[in-house]
Amino acid sequence: MSSARAKLILRVLAGKKAGMEIPVIQRAPLRIGRAPDCQLRPQNDQVSRHHCEIFFSLAGFMVKDCGSRCGTYINGRRIDQPTLLADGQQLRIGPFTFLAVMPERTEASHEDAANSVDDADICAWLDEAGSAKPTSTVRPDESAVLRQMLKLDEASCDAAEQALTKLKKRAHH
């Protein structure tokens, strides 16, 4: 059985990788920084070891700065608390600027897992010099376990999201 899932794509706006797209999945946070435990590891001194995190909440995709030295910016404004990321907004992390693209919700399927991009691919996309490698590699079996641990009860999330939508509709009437 499949369920509707929110989608977020981070489109690289500048540099050699301009136009490349990084998919963000709703069920697991995307940690960005130079540390080995981050999924997106741009090797640049303006990016902190644990720079920021993108995660899904009932409100949508949120960005949280993790105490980075240079800050995390949405549309040029530095954020200091978890902030909703909307379609068309620009997210800046160090020298990297991304456009948030949120296609309409789609039905989740087994193809999602088959078409997902692994951590090494994401790191390679941001590698301006073309030679940097991920600072650590997660074995496929470890990755599956971690993803399973982070997976939310989708039925509960869907039910909560539907309730929130109903409340919002009532508030507008």
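As a reminder, the structure under discussion sits directly above these lines.
Here we summarise the structure given alongside this text. Nothing here was measured: the structure is a model prediction, and the numbers come from that model.

## Concerning the side chain of Gln39
So, step 1. Within the secondary structure, Gln39 sits in the loop between strand S4 (30-32) and strand S5 (52-57).
So, step 2. Polar side-chain contacts of Gln39 include one of 2.7 Å to the backbone nitrogen of Arg31.

## Examining the nonpolar core
So, step 1. Counting 23 residues, the largest nonpolar core has Leu8, Leu10 and Ile54 as its most contacted members.
So, step 2. Broken down by secondary-structure element, the contributors of at least two residues to this core are strand S2 (8-12), strand S3 (21-24), S4, S5, strand S6 (60-65), strand S10 (90-93) and strand S11 (96-101).
So, step 3. If we skip the residues at most four places from it in the chain, Leu10 touches Met20, Glu21, Ile22, Val24, Leu30, Ile54, Leu85, Leu91, Phe98 and Leu99.

## Quick notes on the state of the cysteines
So, step 1. Taken as a whole and assessed by the stated rule, the structure comprises zero disulfides.
So, step 2. The thiol sulfur of Cys52 is not disulfide-bonded, and the nearest other cysteine sulfur, from Cys66, lies at 6.5 Å.
So, step 3. Take Cys66: its relative accessible area is 35%, and that puts it in the partly exposed class.

## Some thoughts on the pattern of salt bridges
So, step 1. Counted by the stated rule, this structure contains two salt bridges.
So, step 2. Put simply, Arg11 and Glu21 hold a salt bridge, and the shortest N to O gap is 2.7 Å. Of this pair, Arg11 sits in strand S2 while Glu21 sits in strand S3, placing them ten residues apart in sequence.
So, step 3. Here Glu53 and Arg31 are joined by a salt bridge, their closest N and O atoms 3.3 Å apart. Taken together, the residues span a long stretch of sequence, with Glu53 in strand S5 and Arg31 in strand S4 at a distance of 22 residues.
So, step 4. On the basis of relative accessible area, Glu53 is assigned to the buried category, the value being 14%.

Conventions and cut-offs
Residues numbered from 1 in each chain as written. Predicted model: local features only at pLDDT ≥ 70, side-chain atom pairs only at ≥ 80, totals over all residues. Heavy atoms only, no water. Helix = DSSP H or I, 4+ residues; strand = E, 2+ residues; numbered from the N terminus. Polar contact = N/O pair within 3.5 Å; in protein donor to acceptor, adjacent residues only side chain to side chain. Core = buried A, V, L, I, M, F, W, Y, C linked by side-chain atoms within 4.5 Å. Buried < 20%, exposed > 50% of the residue type's maximum accessible area, 1.4 Å probe, protein only. Contact = heavy atoms within 4.5 Å. Disulfide = S-S within 2.5 Å. Salt bridge = Lys/Arg side-chain N within 4 Å of Asp/Glu carboxyl O.

As far as function goes, none of this settles anything; it's purely spatial.
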